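This is what each chain is made of:
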Amino acid sequence: MPSRATEKTDTNRSESKSPTPGQSIVAALSERFDLAEHRRYLARELEGVILDLGAGSGAMVPYLQTAVQREPALRLHALEPDPDRRRQAEQTATTHNLDIHLQSGRAESLPYADDTFDVVIASAVFCTVQDPLLALEEVRRVVKPDGEFRFLEHVRSDGLRGYVQDVVTPLWKRIDNGCRLNRRTDDWIASGPFALDEIETLSIGVSPSRPFVRGTATPVRRTETDDRILK
Ligand SMILES: C[S@@+](CC[C@H](N)C(=O)[O-])C[C@H]1O[C@@H](n2cnc3c(N)ncnc32)[C@H](O)[C@@H]1O
């Protein structure tokens, strides 16, 4: 894992350019002061072929641009099902002069061949996907055997906040684009088709969308026995 010093050198002034299109002031401030360090973590020392899953309006673009400046051979892909956000992401990429292959699609049925990516990045996506377990299986399918899944996700809290998240989620997902506050994405990554390499709980995010976790995981290859069970 890179040191904090490495994370700092991977910074670029373009990361603090104006908000991405369609972003509110609150979201822009949160990007700048809450999430920036963790987006840098997702984009650190990238090599090879990269997928930004559920790219939204392109929040990762400035960080990916920094990664390309360090490693010009990077090949970047991004998937975003929402046409408006996809257009905004295109605009963000153009603003940052970033060559990224952006396409429509869903995490549950990724339009890529097996073993395509060296790294798949997901930031604040698994709260929204319809079927997170299927999406994790798909991420595992498209990550190379020696590749990596990097995530930054808000998850269900313990204690009273978790209970409140359970109660509020049915309404919340209606007003916040399908976002579920009480997803146990951290547990699913740990027990599913990946082996966790590292995971850290972060005291960021505005209640009730907290805590966040960030981490990395590597694919566990499916055995023949698993295949038989799944058939
Ligand atoms: C909260 S936004 C996060 C966007 C971006 N990753 C970021 O860090 O700002 C969640 C994104 O996931 C996308 N999304 C929703 N369902 C999805 C799915 N099934 N597969 C892929 N992306 C999906 C949404 O359209 C939205 O752009």
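Residues numbered from 1 in each chain as written. Predicted model: local features only at pLDDT ≥ 70, side-chain atom pairs only at ≥ 80, totals over all residues.

What follows deals with the site of the ligand. Lining the immediate environment of the ligand, one finds 19 residues, of which Gly-54, Gly-56, Ala-59, Ala-107 and Ser-123 sit closest. The residue makeup of the shell around the ligand, split by class, is nine nonpolar, five polar and five charged. (Near = placed C-beta within 6 Å. Nonpolar A, V, L, I, M, F, W, Y, C, P; charged D, E, K, R; others polar.)

Before going further, it helps to spend a moment on the sheet that holds strand β7 (residues 212–219). Reading across from one edge, β3-β2-β1-β4-β5-β7-β6 is the order of the seven strands in this open sheet, with mixed pairing throughout. Edge positions in the sheet fall to β3 (100–103) and β6 (194–202), since each has one partner strand and no second. Pairwise comparison of adjacent strand axes, ignoring direction, gives a mean angle of 15 degrees for this sheet. Bridging between strand β2 (residues 75–79) and β3 involves four bridges; their strand directions are parallel. Bridging from a neighbouring strand, Leu-79 pairs with Gln-103 of β3. (Pairing = 2+ DSSP bridges. Helix = DSSP H or I, 4+ residues; strand = E, 2+ residues; numbered from the N terminus. Axes fitted to C-alpha atoms, helices over the stretch in contact; angles between N-to-C directions.)

This part is about the pairing of strand β4 (residues 117–123). Of all seven residues that make up β4, six are buried, and the element is covered over most of its length. By the bridge criterion, four bridges tie strand β1 (residues 49–53) to β4 in an arrangement that is parallel. Across the sheet, residue Ile-50 finds its bridge partner in β4, namely Val-119. The pairing of β4 with strand β5 (residues 143–154) spans six bridges and is parallel. Each bridged residue has a counterpart across the sheet, and for Phe-117 the counterpart in β5 is Val-143. As a crossover connection, the stretch from β4 through helix α5 (residues 132–142) into β5 is right-handed. (Buried ≥ 20, exposed ≤ 12 C-beta atoms within 10 Å, placed from the backbone. Right-handed = clockwise from strand over helix to strand, strands pointing away.)

Here we come to helix α6 (residues 159–175). Taking 1.5 Å of rise per residue, 17 residues should cover 24 Å, and α6 covers 24 Å from first to last C-alpha, within 8% of that figure. At Thr-169, α6 is deflected by roughly 55 degrees, the largest bend along its length, and proline Pro-170 occurs up to four residues later in sequence. Following α6 by one or two positions, Asn-177 adopts a phi angle in the positive range, close to 50 degrees. (Expected span 1.5 Å × (residues − 1). Bend = angle between axes of the 7 residues up to and from the residue.)

A few words on unusual backbone geometry. Following Ser-207, the chain continues to Pro-208 via a peptide bond in cis, the omega torsion being 10 degrees. Arg-210 connects to Pro-211 through a cis peptide bond whose omega is 5 degrees. Summarising the element assignment, Pro-211 is placed in the loop between β6 and β7. In the Ramachandran plot, Ala-124 falls in the positive-phi region, its phi being about 55 degrees despite a non-glycine side chain.

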